[in-house]
Amino acid sequence: MTSSLFSALVASRRWIAPVLIATCTGGAWAATPKDLKIRKAATSPPATQEPAQLYAHRPEAMRFADDLASRRDLDPQWVRQTLGQARHLPTVVRLMQPPAKNFTKNWRVYRSRFIDPVRIAAGVRFWQDNQASLARAEADYGVPAEIIVGIIGVETIYGRDTGKFRVLDALATLAFDFPASHPRASERSEFFRGEIEQFLTLQSRLNTDPFAALGSYAGAMGMPQFMPSSRNKYAVDFDGDGRIDLWNSPADVIGSVANYFKAFNWQPGMPTHYPVSFDSRKLDMDALMAPDILPTFSVASFTAKGAVLEGTALQHSGPLALVELLNGDPANGGSAPIYVAGTENFYAITRYNWSSYYAMSVIELGREVAAKKKNGN
């Protein structure tokens with residue numbers, strides 16, 4: 001989603017894949033093409049491009065360009081010409097359609113997409129190649145290496161799949177043609193207009209080609225799939241070379257992901273979640289589920305409502321949330337849901353992509369990579 005990442009795009013407890021669908025969910029997002037050795041994209045649309053598909057022919061897009069130039073003190077002709085060359089992408093609209101109403105979430109299916117031998121092996125190599133940067137990020141920001149490794153692996157398989165859409169095309173399509181069938185279409189369109197503003201302001205400041213950056217169908221870019229606004233707020237020059245490179249500098253990626261989590265109140269040393277069971281005699285599932293994934297309950301109030309904790313979980317000092325992971329419809333071949341007690345650190349991961357399924361995938365991929373690295377097989 002994200003980094004943030006994709007959290008601004010989705011509502012709580014909705015099923016969503018991370019924003020890597022260019023490959024693909026964040027989340028994240030973004031970096032600076034001038035300083036990156038990234039794949040080139042045409043600055044202008046090909047000659048066969050139909051004029052009606054360009055945003056230069058959309059009055060509302062040109063009004064937005066004029067307003068953006070005025071508010072950000074940018075060259076109005078440059079903003080008009082640049083946004084006007086953005087292409088409408090029907091594929092992006094299709095990918096943003098809401099899921100079918102009869103869709104049932106399935107944690108085991110979701111997990112299998114991200115916890116697999118190929119991704120785990122790639123994670124081990126990434127950790128081995130970048131051990132010093134991961135250790136420094138953990139020391140500087142308090143975010144465990146396995147969480148950072150989990151994020152980058154889920155998002156882009158450690159840079160293997162960073163996206164093939166021109167970022168400005170994706171952002172323009174979602175800003176001006178977000179699918180009307182989506183229940184929050186107006187809000188989402190406004191979000192993507194803000195991302196265009198962040199993206200074009202950055203490109204103007206750095207004097208870079210705004211059509212060179214390639215990313216996901218949602219405009220998320222680089223190994224961590226940061227959106228432009230997240231890049232501008234959270235990305236750091238962790239390798240100290242004077243530039244931020246989220247495509248080709250693993251150190252910058254590692255430091256930026258860690259900085260993102262620190263900004264979203266990651267608590268060093270705190271577990272992400274605890275096992276939980278239930279006491280049927282006093283279980284108030286409606287009350288436990290009401291806050292969704294937002295940690296709300298003290299240990300005392302959590303257990304008073306029928307949640308059963310054991311061991312170190314009983315000494316947890318912060319708030320908890322009951323996290324539910326569905327496993328399909330039990331009436332149609334599915335199995336019972338899985339529940340855990342999520343902490344503030346579990347919630348911090350969902351600030352990257354507002355999905356408990358995503359957060360658990362990040363956690364479990366990081367653990368699998370750490371275990372395989374430790375065992376050396």
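Residues numbered from 1 in each chain as written. Predicted model: local features only at pLDDT ≥ 70, side-chain atom pairs only at ≥ 80, totals over all residues. Heavy atoms only, no water.

Caption draft 1: Focus on the overall build of the protein chain. Check the secondary structure of the protein chain and you find 15 helices and seven strands. Residues classed as buried in the protein chain amount to 57% of the 377 residues present. Counting every atom, the protein chain has about 15600 Å² of accessible surface; 50% of that belongs to carbon and sulfur. (Helix = DSSP H or I, 4+ residues; strand = E, 2+ residues; numbered from the N terminus. Buried < 20%, exposed > 50% of the residue type's maximum accessible area, 1.4 Å probe, protein only. Areas by Shrake-Rupley, 256 points an atom, 1.4 Å probe, with all protein chains shown as cover.)

Caption draft 2: Representation of the side chain of Ser229 within the structure. Within the secondary structure layout, Ser229 lies in helix α10 (residues 228-234). Reaching out from Ser229, the side chain makes a polar contact with the side chain of Glu195 at a distance of 2.6 Å. (Polar contact = N/O pair within 3.5 Å; in protein donor to acceptor, adjacent residues only side chain to side chain.)

Caption draft 3: Region of interest: the packing of aromatic side chains. Going through the model one piece at a time under the given rule, you end up with 21 aromatic pairs. Judged by centre distance (5.9 Å) and plane angle (40 degrees), the rings of Phe297 and Phe302 are tilted. Residue classification places Phe297 among the buried residues on the basis of a relative accessible area of 8%. Aromatic side chains Tyr352 and Tyr358 sit 6.4 Å apart centroid to centroid with 15 degrees between the ring planes, which places their arrangement in the stacked category. One aromatic cluster is present, formed by Phe226, Tyr234, Tyr260, Phe261, Phe264, Trp266, Tyr352 and Tyr358 through successive ring pairs. If you follow Arg136 out to its NZ or CZ, it ends over the ring of Phe238, 3.6 Å from the centre. We note Arg351 situated over the ring of Tyr347; from NZ or CZ to the ring centre the distance is 3.9 Å. (Phe/Tyr/Trp six-rings, centres within 6.5 Å; stacked < 30°, edge-to-face > 60°. Lys NZ or Arg CZ within 6 Å of the ring centre and 35° of its normal.)

Caption draft 4: Just the sheet that holds strand β3 (residues 273-275), in detail. Spatially, three strands are ordered β3-β7-β6 in an open sheet, and the strand pairing comes out antiparallel. At either margin of the open sheet sits one strand with a lone partner, and together these are β3 and β6 (321-327). The mean inter-strand angle of the sheet, taken between neighbouring strand axes irrespective of direction, is 40 degrees. Bridge count for β3 against strand β7 (residues 335-342) is three bridges, and the pairing is antiparallel. Opposite His273, over in β7, you have Gly342 as the bridge partner. Those strands touched by helix α15 (residues 356-375) are β3, β6 and β7, and its axis lies near 90 degrees from that of β6. (Pairing = 2+ DSSP bridges. Axes fitted to C-alpha atoms, helices over the stretch in contact; angles between N-to-C directions. Contact = heavy atoms within 4.5 Å.)

Caption draft 5: Geometry of unusual backbone geometry. Residues other than glycine seldom take positive phi values, yet Tyr158 does so here, at roughly 60 degrees. Even without being a glycine, Asn265 presents a positive backbone phi close to 65 degrees. Looking at the element boundaries, Asn265 is found in the loop between α11 (250-263) and β3. Here Asn265 falls in the exposed class, since its relative accessible area comes to 53%.

Caption draft 6: Representation of helix α5 (residues 117-129) in the model. Over its 13 residues, α5 runs 18 Å from end to end, which matches the ideal 18 Å to within 8%, given 1.5 Å per residue. For α5, the secondary structure elements touched by its buried residues are α4 (107-114), α6 (131-141), α7 (145-156), α11 and α15. Between the side-chain oxygen of the N-cap and the backbone nitrogen of Val118 there are 3.0 Å, and the N-cap of α5 in question is Asp116. (Expected span 1.5 Å × (residues − 1).)

Caption draft 7: Broad picture of the environment of Tyr274. Its location among the elements puts Tyr274 in strand β3. Under the relative-accessibility criterion, Tyr274 is labelled buried at 8%. Residues Tyr274 and Val340, 66 residues apart in the sequence, show an inter-C-alpha distance of 5.8 Å. For Tyr274, the residues in contact, after removing those within four places along its chain, are Thr312, Ala313, His316, Leu320, Val340, Ala341 and Thr343. One polar contact links Tyr274 to His316, side chain to side chain, over a distance of 2.9 Å.

Caption draft 8: The arrangement of the packing of α7 against α11 in detail. The contact between α7 and α11 brings their axes to 10 Å, and the two run at 110 degrees. The orientation of α7 relative to α11 falls into the category roughly perpendicular. Note on element contacts: α11 touches α7 through Val253, Ile254, Val257, Ala258 and Phe261, opposite Ile147, Ile148, Ile151 and Ile152. Grouping the amino acids of the contact of α7 with α11 by side-chain chemistry returns nine nonpolar, no polar and no charged. (Parallel < 35°, antiparallel > 145°, perpendicular 65-115°, else oblique. Nonpolar A, V, L, I, M, F, W, Y, C, P; charged D, E, K, R; others polar.)

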